[in-house]
Amino acid sequence: MRTWLINIQWCPGCWDTLIIAAIKSAFRELGIESHQRVVVSWVGCSGKASQYIDGYAAETLHWRTLPFATWVKMANPELTVMAVWGDGDGYGIWMGHFIHACKRDLDITYVVFNNETYWLTTGQASPTTPIWAKTKTTPTGNTSAPIDPIALALTSWAKFAKRWDSSKMAELKEIIKEAIQHKGFSLVDVTQVCPSFKRW
Ligand SMILES: Cc1ncc(C[n+]2csc(CCOP(=O)(O)OP(=O)(O)O)c2C)c(N)n1
Ligand code: SF4
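Right, let's walk through the structure included here. Predicted, not measured: the structure shown is a model, and the values here were computed from it.

**A word on the overall build of the chain**
Assigned secondary structure in the chain consists of 7 helices and 8 strands. Here the C-alpha radius of gyration of the chain, 16 Å, is about what a compact globule of 200 residues would show, namely 16 Å. Taken along the three principal axes of its C-alpha coordinates, the chain extends 50 × 40 × 30 Å. Contacts spanning at least 24 positions in sequence make up 64% of the contacts within the chain whose residues lie at least 6 apart. Accessible area for the chain stands at about 9500 Å²; split by element, carbon and sulfur atoms hold 59% of it. For the chain, the distance from the average position of its 20 positive side-chain charges to the average position of its 17 negative side-chain charges is 3 Å.

As C-alpha cells, this is what we get:
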C-alpha cells in the first residue's frame with residue numbers, strides 16, 4: 001500500500017485514491033493477476049489512474065480511452081479490460097464513444113470518476129454538474145439539469161450500470177468485482193469529491 005501511495009501525484013486528500021484502492025482490491029480478490037489485465041485511460045486527473053494500478057496499462061491517444069479499450073479486447077479477448085475516465089470527457093466530449101460501447105456490449109468494465117466537473121482544467125461545468133452549482137463556466141449557477149449516466153447506459157442497451165460513492169470503499173470494491181465478472185459492458189459511475197476545488 002505504502003509504495004504505490006508514494007508515487008501518486010493527485011492533490012493530498014483526493015478521493016480518486018479511494019477509487020484506485022477499490023479497483024486494486026477488486027483485482028486482487030478476484031485473483032486477476034497483473035499480466036491478465038489492462039487498464040486504459042486518457043487525460044484528466046482521473047486519467048492518471050492507469051499509471052497507479054500495476055499491470056498492463058495505457059494512458060492512450062487523445063480522446064481514445066473507450067476505442068483503445070475496445071481494440072485491446074478485440075485483439076485479446078482473454079484479457080480483463082478496464083477503462084477509466086472522468087465525467088467531463090467520458091460523458092461530455094466523448095459521450096458518443098460511451099453510447100456505442102454500451103450498445104456494442106464487449107466485455108469491458110468502465111469506471112467513471114464522476115466529480116461533476118472538469119477538474120484537471122480547473123473547474124468547468126460537465127454534463128453531471130448539479131443544476132445550481134457555481135463553476136468557472138457557470139459563475140451565477142448552472143442552469144441546465146445534469147444527465148443521468150445510469151439511465152443513459154441502460155437506454156443505450158448496457159446490461160450492467162451501477163453508481164456508488166468512493167467514500168464507501170468496501171461496497172465500491174464489491175460493485176467493481178461484480179462489474180468485472182459481468183460478461184459484457186459494465187458501467188460503474190463513482191461519485192467523487194475534489195477537495196481542492198469542489199465547493200458544493
Ligand atoms: C484534445 C484535448 N481536448 C481538451 C483537452 C483538455 N483537457 C485536459 S483534461 C480534460 C478533462 C478533464 O475533466 P474530466 O474528464 O472530468 O476529468 P477529471 O480531471 O475531473 O478527473 C480536458 C478536456 C486536452 N488535453 N486534449
Ligand atoms: S484537482 Fe481535484 S480531482 Fe484533481 S487531483 Fe486535485 S483533488 Fe483530485
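**Focus on the site of ligand 2**
Trp-10, Cys-11, Cys-14, Cys-45, Asn-115, Gln-192, Cys-194, Pro-195, Ser-196 and Phe-197 make up every residue found near ligand 2. Put simply, ligand 2 lies in the second largest pocket. Partitioned by chemical class, the residues of the shell around ligand 2 number 7 nonpolar, 3 polar and no charged.

**Describing the layout of surface pockets**
The computed volume of the largest pocket comes to approximately 210 Å³. In terms of lining residues, the largest pocket is bounded by 19 residues, among which Gly-44, Asp-89, Tyr-118, Trp-119 and Leu-120 are the most central. Elements that contribute at least two residues to the lining of the largest pocket include exactly β3 (80–86), α4 (87–93) and β5 (117–118). In terms of residue count, the dominant contributor to the lining of the largest pocket is α4 (4 residues). A per-class count over the lining of the largest pocket returns 9 nonpolar, 7 polar and 3 charged.

**Topic: the site of ligand 1**
Of all residues adjacent to ligand 1, which total 18 residues, the nearest are Cys-45, Ser-46, Trp-63, Gly-88 and Asp-89. Here an oxygen atom of ligand 1 sits 2.9 Å away from a polar atom, N or O, in the main chain of Asp-89. At 3.0 Å, a backbone N or O of Leu-120 approaches an oxygen atom of ligand 1. For ligand 1, whose free accessible area comes to 580 Å², the fraction covered by protein is 81%. According to the grid-proximity analysis, the pocket containing ligand 1 is the largest pocket.

What counts as what
- Here the residue numbers are simple positions, counted from 1 along each chain's written sequence.
- As a convention, the first chain written is A and the first ligand written is 1, with the rest following in written order.
- Only residues with pLDDT of 70 or above have their local features reported here, since the model is predicted, and side-chain atom pairs are shown and tallied only from 80 upward, although totals for entire chains, interfaces and linings are computed over all residues.
- The side-chain numbers reported here are obtained from all heavy atoms of the structure, hydrogens and water having been left aside.
- Each helix corresponds to a stretch of at least 4 residues labelled H or I by DSSP, and each strand to a stretch of at least 2 residues labelled E; elements are numbered beginning at the N terminus.
- Taken over C-alpha atoms, the radius of gyration is set against a globule rule of 2.2 Å times the number of residues to the power 0.38.
- We call two residues in contact when some of their heavy atoms are within 4.5 Å.
- All accessible-area figures derive from a Shrake-Rupley calculation using a 1.4 Å probe, and residue coverage is judged against the displayed protein chains alone.
- Charge counting follows a simple rule: Lys and Arg are positive, Asp and Glu are negative, and His as well as the terminal groups are ignored.
- For this purpose, a charge sits on NZ of Lys, CZ of Arg, CG of Asp or CD of Glu.
- Here a residue is considered near a molecule or strand provided that any single heavy atom belonging to it is located within 4 Å of it.
- Note on definitions: the grid is 1 Å and covers protein atoms alone; a cavity is a set of points where a 1.4 Å probe fits but cannot get out; a pocket is an open set with protein on both sides within 12 Å along at least five of seven lines; lining residues have an atom within 4 Å of a point.
- Cavities and pockets are treated as containing a molecule whenever more than half of the molecule's atoms lie within 2 Å of their grid points.
- Gly counts as polar in this scheme, as do all residues outside two lists: the nonpolar Ala, Val, Leu, Ile, Met, Phe, Trp, Tyr, Cys and Pro, and the charged Asp, Glu, Lys and Arg.
- Grid points are joined across faces, edges and corners, and a volume is the space filled by probe spheres set on the points.
- Nitrogen and oxygen atoms within 3.5 Å of one another constitute a polar contact, given that in protein one can donate a hydrogen and the other can accept it, and given that sequence-neighbouring residues count only through two side-chain atoms.

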